[in-house]
Amino acid sequence: MKTATTVTEALQMVTPPRKGSIGMPPRLISVKEAAVYLSTTVPFIRTLTYRRELPFLKAGKKYVIDLVDLDKWVDRHRVPEEQGHA
């Protein structure tokens, strides 16, 4: 099994190319793609959305998450480095 070296490669491994794609990574991604992006599980992402800790949009019957919101969530939950440690 091939190992992804970038986020874009990881997203491509879990989802086929989208119709009308112009080669740019998508801004709105599925719950499964969000789990891959954060290196976590689908149930964890669902828990975050259920608790309203992670914003989401509903596109028809599908829930999608904005990559910008995922990055903001990561920034809010980042543990600061202790002074004197590299």
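Up top is the structure.
Each value, and the rule that gives it
Residues numbered from 1 in each chain as written. Predicted model: local features only at pLDDT ≥ 70, side-chain atom pairs only at ≥ 80, totals over all residues. Heavy atoms only, no water. Core = buried A, V, L, I, M, F, W, Y, C linked by side-chain atoms within 4.5 Å. Buried < 20%, exposed > 50% of the residue type's maximum accessible area, 1.4 Å probe, protein only. Contact = heavy atoms within 4.5 Å. Helix = DSSP H or I, 4+ residues; strand = E, 2+ residues; numbered from the N terminus. Phe/Tyr/Trp six-rings, centres within 6.5 Å; stacked < 30°, edge-to-face > 60°. Lys, Arg positive; Asp, Glu negative; His and termini not counted. Salt bridge = Lys/Arg side-chain N within 4 Å of Asp/Glu carboxyl O. Pairing = 2+ DSSP bridges. Axes fitted to C-alpha atoms, helices over the stretch in contact; angles between N-to-C directions.

Among the nonpolar cores identified, the biggest contains 12 residues, and these are Ile29, Val31, Ala34, Ala35, Leu38, Ile45, Leu48, Leu54, Ile65, Leu67, Leu70 and Trp73. When neighbours within four sequence positions are excluded, Ala35 is seen to be in contact with Thr40, Thr41, Val42 and Ile45.

Now for the environment of Pro26. Within the fold, Pro26 resides in the loop between helix H1 (7–14) and strand S1 (28–30). Judged by its relative accessible area of 25%, Pro26 falls in the partly exposed class. Once the C-alpha coordinates of Pro26 and Asp66 are considered, the two residues, 40 residues apart in sequence, prove to be 9.0 Å apart.

As for its position among the elements, Leu38 is in the loop between helix H2 (31–37) and helix H3 (42–50). Those residues in contact with Leu38, other than ones at most four positions away along the chain, are Ile45, Leu70, Trp73 and Val74.

In the structure shown here, the tally under the stated rule is 2 aromatic pairs. Relative to Trp73, the ring of Phe44 has its centre 6.1 Å away and its plane inclined at 75°; by these criteria the two rings are edge-to-face. Of this pair, Phe44 sits in helix H3 while Trp73 sits in helix H4 (residues 67–76), and the two are 29 residues apart along the sequence. With a relative accessible area of 12%, Trp73 lands in the buried category. Centroid distance Phe56 to Tyr63: 5.2 Å. Interplanar angle 65°. Geometry classified as edge-to-face.

This part is about the side chain of Asp69. Along the chain, Asp69 falls in helix H4. Although Asp69 lies buried, it forms no salt bridge, and the closest oppositely charged side chain, Lys72, sits 4.6 Å away as judged by the N-O distance.

In the structure shown here, the tally under the stated rule is 3 salt bridges. A salt bridge links Arg51 to Glu53; the nearest nitrogen and oxygen atoms lie 3.8 Å apart.

So, about the sheet that holds strand S2 (residues 57–59). Reading across from one edge, S1-S3-S2 is the order of the 3 strands in this open sheet, with antiparallel pairing throughout. Each having just a single partner strand, S1 and S2 make up the two edges of the open sheet. Here the average twist between neighbouring strands, direction ignored, is 45°. The pairing of S1 with strand S3 (residues 62–66) spans 3 bridges and is antiparallel. Its bridge partner being in S3, Leu28 is matched across the sheet by Asp66.

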